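What follows is the residue order along each chain.
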Amino acid sequence: MEWWSGHIVAPALPLLGAALGIALLWAKPQWFKIWALVVFALTGLVVTVPSWMAESPLTISYFLRHLILAAGFLTILGHHPDKDTSISLCLTLLFAGLGLGVLAGQDRESSIFLCGIFGLLILAFMRYRRQEWEIPWKAISLLTVGLFSLLVSLTVSEPVRIIMLIIPLAMVWPLLPVQGVFVASVSCLPGTLPPFFAVLLPSLGFHGIINLLPVIPEGVFYLLWMIAIASALYGSLLALSQDSMDLLLAYAHMALGSIIWWYVSVTHSIEPGAVVYLGGLTLVICGLLVASQHLRARFGHLDLTISHGLAHIMPWFSMLFLLFITAAVGLPIFTLFSAFMEMMLGLSSTGAGTLIIILLTWLMASWYFPRLMQQVLFGRLSPSFKASHDLHLDERVSLILLLILLVMIGSAPSHWFLAADTAVSTAQSSFGILQDTLWKR
């Protein structure tokens, strides 16, 4: 029963929900929104109840499924319906179903579902993007390479298969030089998709690396270590130079997410602190992107060099935006900084130069996040902001629930994040048998 609900029903429900929404509710965006919320809630129950009844051990895959479903539900809850709502909700449901399929499937099934995500992303970039964006051909080219890599991985053996799988994982959990897919996904597409992708895509990449850990060669770990360091610096420098909030958040996600890539490549393991850090980072960026969508719906594209003073007219938005910024830069109750410190203190040894670069990455985040807050909230009110209104009730509730979820992840027992999902091990052996060896290296 548990296997059937988690591996078959859970991925199928969002896909079926999207199909029914298209057929019955396409011209009724408010009803489509309610329907999408119901579908995410039902999917969450399908994932949770059988595992709870069977008293199954909690796994990282189980945590990631709930993280994705919670992000989908809350981003939809905070979305104010408009003319593009139906297509946005439809795509969110489709990507959620495919993402759950990646998490539930075994080796080949996961790759096939990830191919579906890449193909659907190509269609979204071609047909459904913001008006100010041209077709992101670079991202589409990278997605084509990712599709080719995934298909090749189905036909070859190690170690070529491992390299072919790491390439698409580095696209969704962004690393140089293939970060363009993630950056375009959270900055080019409208509606609920960017904040949802901030959680979905890195979660899939993280899950994929967990499954590859037992079979990644030492030389590949060293290569990932170098690329992660370069990606952390590159993402930080670009985040410092952006005038667009969405691009700033995309590169901030890349920079701070590269810290986990570096940590995994150094330790050859997944510790609870890394899982908590991933959850905290994705939810913080998700919340800030939701806030960015609220501003875009009211004012259009924001240029951070001239958009100031929202604290004068949007007190609810300003308070919640301030809390997300403090969560990003280190307020302990919001998970991210405490998980970062847990990872750093858990390292047995690492080079001083590398550690300085990682700390510099965090220090630069403590620069560009407060600067973003100062640019958006304070200063003289920009003329384009004068005719506006504060957050609606559902917009406020979604941001508040995201903050509460951040606190809950940080206060969860560490054993919730210890077990790996043996059903999807790419080594075709029990990860539970291997974890003692891997995690004590």
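What counts and how
- Residues numbered from 1 in each chain as written.
- Predicted model: local features only at pLDDT ≥ 70, side-chain atom pairs only at ≥ 80, totals over all residues.
- Heavy atoms only, no water.
- Helix = DSSP H or I, 4+ residues; strand = E, 2+ residues; numbered from the N terminus.
- Buried < 20%, exposed > 50% of the residue type's maximum accessible area, 1.4 Å probe, protein only.
- Contact = heavy atoms within 4.5 Å.
- Phe/Tyr/Trp six-rings, centres within 6.5 Å; stacked < 30°, edge-to-face > 60°.
- Lys NZ or Arg CZ within 6 Å of the ring centre and 35° of its normal.

## Focus on the side chain of His294
Okay, step 1: By the element assignment, His294 lies in helix H12 (residues 272–299).
Okay, step 2: Exposure remark for His294: the relative accessible area of 4% places this residue in the buried category.
Okay, step 3: Other than its neighbours up to four places away in sequence, His294 contacts Gly78, Leu391, Glu395 and Leu399.

## Re helix H8 (residues 180–187)
Okay, step 1: Summarising burial for H8: eight of the eight residues are buried, a large majority.
Okay, step 2: Of all the positions in H8, only Gly180, Val181, Phe182, Val183, Ala184, Ser185, Val186 and Ser187 are classed as buried.
Okay, step 3: Those residues of H8 that are buried lie in contact with helix H5 (107–127), helix H6 (137–153), helix H7 (160–172), helix H9 (193–212), helix H11 (245–267) and H12.

## Thoughts on the environment of Lys83
Okay, step 1: Among the secondary structure elements, Lys83 is positioned in the loop between helix H3 (60–77) and helix H4 (85–104).
Okay, step 2: Assessed through its relative accessible area of 71%, Lys83 is described here as exposed.
Okay, step 3: In the structure, Lys83 is positioned 54 residues away from Pro29 in sequence and 7.7 Å away in space, judged by C-alpha atoms.

## Regarding the packing of aromatic side chains
Okay, step 1: Inspection of every chain in the model, using the stated rule, returns 10 aromatic pairs.
Okay, step 2: Taking 5.4 Å as the distance between ring centres and 15 degrees as the angle between the ring planes, the aromatic pair formed by Phe317 and Phe321 counts as stacked. Of this pair, Phe317 and Phe321 both sit in helix H13 (residues 315–329), four residues apart, which is roughly one turn of that helix. For the pair shown, Phe317 and Phe321 are each scored as buried.
Okay, step 3: Lying across the ring of Trp316, Arg396 places its NZ or CZ 4.8 Å from the centre.

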